[in-house]
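The chain contents come next:
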Amino acid sequence: MPMVVGVVAGAAVVAVLVLIGLFKMMWRVAEPNEALVISGSKHRTEGLEEGMGFRIVTGRGTLVLPGVQAVRKLSLDLNETELQVDCVTHQGIPLKVRGVVIFKVGDDFVSIANAARRFLDQQKLMSERVHNVFAGHLRSIVGGLTVEDMIRDRDKLTGQTRAACGTEMEKLGLIVDSLQIHEIEDPTGYIQNLAAPHAAAVQRDARIAQAEANRLATEAEQQSYARMAEATRDSEILQAGYQAERDKAGAKSRQAGPLADAAARQEVVVQETRVAELEAHRREQQLQADVRKPADAKAYEKRTLAEAERDVRISAAQAKAKETELAAAAEATRVKTAAGAEAEATKTRGTATAAATRATGEAEAAAAQARGLADAEATKAKGLAEAEAIKARAAALAENQEAVVAQQLAENWPEIVQAGASAFGNVDNMVVLNGADGMADMFAKALTMGGTGLGLARQLLASMQKNGQAPEDGSQLNGLVQKVPMDDK
């Protein structure tokens, strides 16, 4: 069984290879520059008449049955043929025309079919056939033209030739890509003779032009000679002027020595003046460095020391003021304490007086007689005591006025303090800038008003003694103390 499978597989491979080989043999491909002409069976190609019996393939592949159909190739490349035609013009002048024709087989099936029927086995003879066609038509066309027409209008000759050959070339299945007439040869010299008059005219014009040029050249030479003479004259004049200038320059050069010496001396003076100015400037700078700057430094030092001393004095004064302020505050506190103690003593005395009055009333109720006697004794004792008191105060006032004034101030100190504090009675809100120190300062100033009153009382007493009006007792002193003005502000 495996052997059978191997044989079948081998047979299949062989069959495939055979088919591939047959396909390669049957398949034909047309190149871009060729056409395949297939004959051997009846075919009908579009644009061709029936019964042609062949098929045309371009640009693709097709199957061909070997032994049944024949395949031939027709080249579609460009072809070229040289034209060398002996012609006779309408004037009977023989000419030889040289040119070139570039042609090819047409790309349509009709042109390919026509060319295949005529040149399929004779493609190498295609150029010769085309040359013969163009030679005949070119002779015919040149025979109807003159030499002048051919020379002046070659495009007309070319156009007529292409138009005359177009129909025949179409029948041959060919198209003309280009037709160029390169040269027209004249073995008889007609064209040369035709150009002779023009050449003579050109020679004549050339001779005239040469003569005119010679005349112009001669005139130019004469003018040039005249200008040369003029230039010579101008040159001599200029040379004379230059000689005069040279003489003048020589005279100046002979004077240049003394002038140069004077200029040199002047330059020396200028330089010496500049040196003197620089020396003065240097001395000024030296003075600035040696005198002014040290003086400025000393002045700055003295000014700085003076400012330092001033700051020290200001600081000492501020400290002294602070000390005085603190002392005044302490004195005010002491005076306030003394005033409080005095008030308490006065209250105690009042209480004792009230008790004595009550005891006296009880005594009076017990014995009216004894009361009368006691009143008389009391009145007598009181008068004696007041007299003694007046005498003692007068003596004390004569010996020590300040002690008496101080006693009277101490007795009336509560009223004085109350009057000083009344300045703050109408104040709703008070802003103290220095805290507790500010408050103490404010109260100390209020209390020191008493000191002002004391000084005023002293002045009044001194003036009274001077005028011989010294008070005999303390009643007038009390009035003075009570009249001391208090500053509410």
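Residues numbered from 1 in each chain as written. Predicted model: local features only at pLDDT ≥ 70, side-chain atom pairs only at ≥ 80, totals over all residues. Heavy atoms only, no water.

Peer 1: Can you walk me through the overall build of the protein chain in this structure?
Peer 2: Along the protein chain, the regular secondary structure elements total 12 helices and 8 strands. Burial analysis of the protein chain (489 residues in total) assigns 21% to the buried set. Restricting the contact set of the protein chain to residue pairs at least 6 apart, pairs at least 24 apart contribute 70%. (Helix = DSSP H or I, 4+ residues; strand = E, 2+ residues; numbered from the N terminus. Buried < 20%, exposed > 50% of the residue type's maximum accessible area, 1.4 Å probe, protein only. Contact = heavy atoms within 4.5 Å.)

Peer 1: Would you explain the sheet that holds strand β2 (residues 34–39) in this entry?
Peer 2: Sheet architecture is open: 3 strands sit in the order β3-β2-β5, paired in antiparallel fashion. Looking along the sheet, the strands with just one partner apiece sit at the ends: β3 (54–58) and β5 (70–75). Adjacent strand axes in the sheet meet at a mean angle of 25 degrees when their direction is disregarded. Of the pairings in the sheet, the one linking β2 to β5 comprises 6 bridges and is antiparallel in character. Across the sheet, residue Ile38 finds its bridge partner in β5, namely Val71. In the packing of helix α2 (residues 109–119) onto the sheet, contacts are made with β2, β3 and β5, and the angle to β3 comes to roughly 120 degrees. (Pairing = 2+ DSSP bridges. Axes fitted to C-alpha atoms, helices over the stretch in contact; angles between N-to-C directions.)

Peer 1: Looking at this structure, I do not really get the pairing of β2. What am I missing?
Peer 2: Side-chain positions along a regular strand alternate between the two faces of the sheet. Within β2, 5 of the 6 residues are buried, which leaves the element mostly enclosed by the surrounding structure. Where β2 and β3 come together, 5 bridges link them in antiparallel fashion. Residue Ala35 lies in a different strand from β3, and its bridge partner there is Thr58.

Peer 1: Is there a simple way to think about helix α5 (residues 154–171) in this case?
Peer 2: Given 3.6 residues per helical turn, the α-helix brings residues three or four places apart onto the same face. The end-to-end C-alpha distance of α5, which contains 18 residues, comes to 27 Å, matching closely the 26 Å that a straight helix rising 1.5 Å per residue would cover. Taken as a whole, α5 carries its principal kink of about 40 degrees at Cys165. Where α5 is concerned, the buried positions are Leu157, Thr158, Thr161, Cys165 and Met169. Buried residues along α5 sit in contact with β7 (94–105), α3 (126–143), α4 (147–152) and β8 (174–185). Capping the start of α5, Asp153 holds a side-chain oxygen 3.2 Å from the backbone nitrogen of Lys156, two or three residues further along. (Expected span 1.5 Å × (residues − 1). Bend = angle between axes of the 7 residues up to and from the residue. Polar contact = N/O pair within 3.5 Å; in protein donor to acceptor, adjacent residues only side chain to side chain.)

Peer 1: Would you take a moment to explain the packing of α3 against α5 for this structure?
Peer 2: A pair of packed helices is captured by two measures, namely the crossing angle of their axes and the spacing between those axes. Viewed as axis vectors pointing N to C, α3 and α5 meet at an angle of 135 degrees, and their least axial separation amounts to 9 Å. By the angle class used here, α3 and α5 are oblique. Handedness of the crossing formed by α3 with α5: right-handed. Residues Val130, Val133, Phe134, His137, Leu138, Ile141 and Val142 of α3 form the contact with α5, whose participating residues are Leu157, Gln160, Thr161, Ala164, Cys165, Glu168 and Met169. The residue inventory of the contact of α3 with α5, partitioned by class, reads 10 nonpolar, 3 polar and 1 charged. (Parallel < 35°, antiparallel > 145°, perpendicular 65-115°, else oblique. Left-handed = near helix turned anticlockwise from the far one by under 90°. Nonpolar A, V, L, I, M, F, W, Y, C, P; charged D, E, K, R; others polar.)

Peer 1: Which parts of the structure should I look at to understand the sheet that holds β7?
Peer 2: Hydrogen bonds between backbone atoms are what pair the strands of a sheet, whose relative direction is either parallel or antiparallel. Spatial ordering of the open sheet is given by β6-β7-β8, a layout of 3 strands whose pairing is antiparallel. Only two strands of the sheet have a single neighbouring strand rather than two, namely β6 (79–88) and β8. Here the average twist between neighbouring strands, direction ignored, is 25 degrees. Alignment of β6 against β7, held across 10 bridges, turns out to be antiparallel.

Peer 1: It is not clear to me how the pairing of β7 should be interpreted in this structure. Could you clarify?
Peer 2: Here β6 hands over to β7 after 5 residues, with Gly92 in that stretch at a positive phi of 85 degrees. As paired elements, β7 and β8 share 10 bridges and run antiparallel to each other. Residue pairing for β8: Arg98 is matched across the bridge by Glu183.

Peer 1: For this particular structure, what's the right way to read the side chain of Lys104?
Peer 2: When you line up the elements, Lys104 lands in strand β7. Residue classification places Lys104 among the buried residues on the basis of a relative accessible area of 11%. Polar side-chain contacts of Lys104 include one of 3.0 Å to the side chain of Asp107. Setting aside residues up to four positions removed in sequence, Lys104 forms contacts with Leu76, Asp77, Leu78, Asn79, Gly173, Leu174, Ile175 and Asp177.

Peer 1: How should I be thinking about the environment of Val100 in this particular structure?
Peer 2: Among the structural elements, Val100 can be located in strand β7. Residue Val100 is classed as buried on the basis of its relative accessible area, which comes to 8%. Placed 82 residues apart in sequence, Val100 and His182 show a C-alpha to C-alpha distance of 7.6 Å.

Peer 1: I would appreciate a short explanation of the side chain of Glu34 in the present structure.
Peer 2: Relative to the helices and strands, Glu34 resides in strand β2. Assessed through its relative accessible area of 11%, Glu34 is described here as buried. One polar contact links the side chain of Glu34 to the main-chain amide nitrogen of Glu31, over a distance of 3.0 Å.

Peer 1: Explain the pattern of salt bridges to me, please; I cannot follow it from the model alone.
Peer 2: If charged atoms from side chains of opposite charge come close, those side chains can pair. Applying the stated rule across the entire model yields 12 salt bridges. When the shortest N-O distance is used, the salt bridge between Arg233 and Asp234 registers 3.1 Å. For Arg233, a relative accessible area of 46% puts it in the partly exposed group. Judged by its relative accessible area of 29%, Asp234 falls in the partly exposed class. With its nearest N and O atoms 3.6 Å apart, the salt bridge here joins Asp311 to Arg310. Residue class for Asp311 comes out partly exposed when judged on its relative accessible area of 39%. (Salt bridge = Lys/Arg side-chain N within 4 Å of Asp/Glu carboxyl O.)

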